[in-house]
Amino acid sequence: MKRLLAFIVVTIVAVSIGIAAAASYMDLGKQLAVSEEEQKKELVSKLAPVLMDELRNRIKVGLRIYKNGELVYYNPNDPISYEWMKLIVNYLFGCIGMGCAYTITATDGMTLLGLETMYGTPYNPQPAIAIGNGTTPASPEDYRLERQIAVYKLYSEDVVVNDTGTSYDIYFRHVFTFQESINVSEAGLLLYARVLGSDTKYYWKYILIARDTFSPITVSAGEAIAVEYVVSVDYSSPPFTREFWKVLVDYFLGLGGIGLGLGVSLDFGVDETDTYDLIRESIYVAYILEPITWSPDITNENVTNISAMWRPRMWVPELTPTSIIMKGFVIQGHVGPVYTVYGIAIYLCTDTDPSGGVNKDYVLIAVIPFDQPVTVDWSTGFSIELGLSFA
């Protein structure tokens, strides 16, 4: 079971948003203005929210294997690879542009600095399924199958996308046939992507999304097995918008690369339409200055009365076997207007200009309304934790 969590804490007034408990710390801005780096870290630690039991189950990754039309293996909770988590951290949570990016290991062991996408072009990643006969139990630290037998890049005819009105249910399927008897005991869902190697050259490589092992399935010559991964993404509850999930599905599950994209047009990695600049994905936040109600379909056009945008300070990722957590804090840091704030808007920004001046695309990825409006000024700051939990 994969669970998504997102929560935020605003200073000055204790604010409850349903899935986090807020704390009150007076005059945080003035403290930060004179704090050293370690003192700032301590403040962020003190502001860390308390997780509540209301965390919603949001993503499920399941594996089914059929032999001669009969279901012979089913696991509703396939282990997720750290390598895929790192992609999410680097791009959807902005670490590429904020100095906290991870290197990623391809299935052949090559160290990768990043991947490239260009919406509507052959450079977009696509999904793949692999099988093998390894027996070592699956772990988030896996970056490849233990002993791969075969891998197949999927195309539009191999994938079915069902929008239920509350979730995207995505079926990835391939039938493997064999000319000789063989045992199959592991399977993996992969992303096939154009990537930048540590030697600054470009390659097409596989990146592991999930791997699973099971009791050996013996397949005789002429027989076949069907491997089906089912990924279900629930977008029906706060705080992330449907746009966030579309980006995840299109680029990091590979639907955009096989003509089944859900329609978010972004470039990640290197933008070859703009003099090959490195895109610097970042996270920005803004105060919402009018009453707001969360909806999965809320977009930039629905949130127009906002403050200036700020990037979180000390944006720090944490990876565990069951979660991605991003931590940071936001403060104006200079004298500015007094705001009545009704919530927080969180944006993913892709920026192809090293100076940060032009060519920015902002996607509203999360909206967190407050139960009650809060008055803030230049000395007000808040901590933020944002993440995905796999458990």
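Residues numbered from 1 in each chain as written. Predicted model: local features only at pLDDT ≥ 70, side-chain atom pairs only at ≥ 80, totals over all residues. Heavy atoms only, no water.

Enquirer: Please set out the state of the cysteines residue by residue, giving values where relevant.
Expert: Evaluation of the coordinates by the stated rule reveals one disulfide. Note on cysteine connectivity: Cys95 is disulfide-linked to Cys100, with sulfurs 2.1 Å apart. Linking Cys95 and Cys100, the disulfide has an S-S dihedral of approximately -90° and is accordingly described as left-handed. Note on accessibility: Cys95 and Cys100 belong to one class, buried. (Disulfide = S-S within 2.5 Å. Buried < 20%, exposed > 50% of the residue type's maximum accessible area, 1.4 Å probe, protein only.)

Enquirer: Could you give me a rundown of the packing of aromatic side chains, with the residues and numbers involved?
Expert: Here the structure, examined in full by the defined rule, presents 14 aromatic pairs. With 5.7 Å between their ring centres and 65° between their planes, Tyr287 and Tyr339 make a pair best called edge-to-face. With a gap of 52 residues between them, Tyr287 in strand E17 (residues 282-288) and Tyr339 in strand E21 (residues 339-351) connect regions that are remote in the sequence. Exposure class is identical for Tyr287 and Tyr339. Each is buried. Each ring, one from Tyr347 and one from Tyr362, has its centre 6.4 Å from the other, and the planes form 85°; the classification is edge-to-face. Taken together, the residues span a long stretch of sequence, with Tyr347 in strand E21 and Tyr362 in strand E22 (residues 360-376) at a distance of 15 residues. Taken together through their ring pairs, the aromatic side chains of Phe93, Phe240, Phe244 and Trp245 make up a single cluster. The aromatic ring of Tyr192 is capped on one face by Lys153, whose charged end is 4.8 Å from the ring centroid. The aromatic ring of Tyr202 is capped on one face by Arg194, whose charged end is 4.4 Å from the ring centroid. (Phe/Tyr/Trp six-rings, centres within 6.5 Å; stacked < 30°, edge-to-face > 60°. Helix = DSSP H or I, 4+ residues; strand = E, 2+ residues; numbered from the N terminus. Lys NZ or Arg CZ within 6 Å of the ring centre and 35° of its normal.)

Enquirer: Just give me the short version of the packing of helix H3 (residues 82-92) against helix H5 (residues 242-252), but keep the residues and values in it.
Expert: When two helices pack together, you describe them by how their axes are tilted relative to each other and by the distance separating the axes. Contact geometry for H3 and H5: axes closest at 12 Å, N-to-C directions at 125°. Taken together, H3 and H5 sit at an angle that is classed as oblique. As for the relative orientation of H3 and H5, their crossing is right-handed in sense. Touching Trp84, Leu87, Ile88, Tyr91 and Leu92 of H3 are Phe244, Val247, Leu248 and Phe252, all from H5. Residue composition of the contact of H3 with H5, by class: nine nonpolar, no polar and no charged. (Axes fitted to C-alpha atoms, helices over the stretch in contact; angles between N-to-C directions. Parallel < 35°, antiparallel > 145°, perpendicular 65-115°, else oblique. Left-handed = near helix turned anticlockwise from the far one by under 90°. Contact = heavy atoms within 4.5 Å. Nonpolar A, V, L, I, M, F, W, Y, C, P; charged D, E, K, R; others polar.)

Enquirer: Describe H3, and please don't skip the residues or the numbers.
Expert: Buried residues dominate H3, accounting for eleven of its eleven residues. Restricting attention to buried positions, one finds in H3 the residues Tyr82, Glu83, Trp84, Met85, Lys86, Leu87, Ile88, Val89, Asn90, Tyr91 and Leu92. Looking at where H3 begins, the residue whose side-chain oxygen comes 3.0 Å from the main-chain nitrogen of Glu83 is Ser81. Following H3 by one or two positions, Gly94 has its phi on the positive side, about 75°. (Polar contact = N/O pair within 3.5 Å; in protein donor to acceptor, adjacent residues only side chain to side chain.)

Enquirer: Account for the pattern of salt bridges, naming residues and giving values.
Expert: Applying the stated rule across the entire model yields twelve salt bridges. A salt bridge links Arg173 to Glu228; the nearest nitrogen and oxygen atoms lie 3.7 Å apart. Here Arg173 is found in strand E11 (residues 167-177), whereas its partner Glu228 is found in strand E14 (residues 224-234), with 55 residues between them in sequence. Residues Glu186 and Arg211 are paired through a salt bridge, measuring 2.9 Å at the closest nitrogen-oxygen approach. Taken together, the residues span a long stretch of sequence, with Glu186 in strand E12 (residues 182-197) and Arg211 in strand E13 (residues 202-219) at a distance of 25 residues. On the basis of relative accessible area, Arg211 is assigned to the buried category, the value being 3%. (Salt bridge = Lys/Arg side-chain N within 4 Å of Asp/Glu carboxyl O.)

Enquirer: With reference to specific residues and values, describe the nonpolar core.
Expert: Formed by 84 residues in total, the largest nonpolar core has its most connected members in Phe172, Ile225 and Phe252. Beyond its immediate chain neighbours, meaning those up to four positions away, Ile225 contacts Ile65, Tyr66, Lys67, Ile131, His174, Val175, Phe176, Phe178, Val184, Ile217 and Val219. Trp294, Val303, Cys349 and Leu364 belong to the second-largest nonpolar core, a separate cluster that totals twelve residues. (Core = buried A, V, L, I, M, F, W, Y, C linked by side-chain atoms within 4.5 Å.)

Enquirer: Tell me about the confidence of the model for the protein, and name the residues and values.
Expert: Put simply, the protein has an average pLDDT of 77, and 73% of its residues get 70 or more. Across residues 1-57 the pLDDT falls below 50, and counting only partners more than four positions away or on other chains, this stretch makes 141 contacts in the model. Counting contacts from residues 269-278, a segment whose pLDDT is below 50, to residues more than four positions away or on other chains yields 31 contacts. (pLDDT = per-residue confidence, 0-100.)

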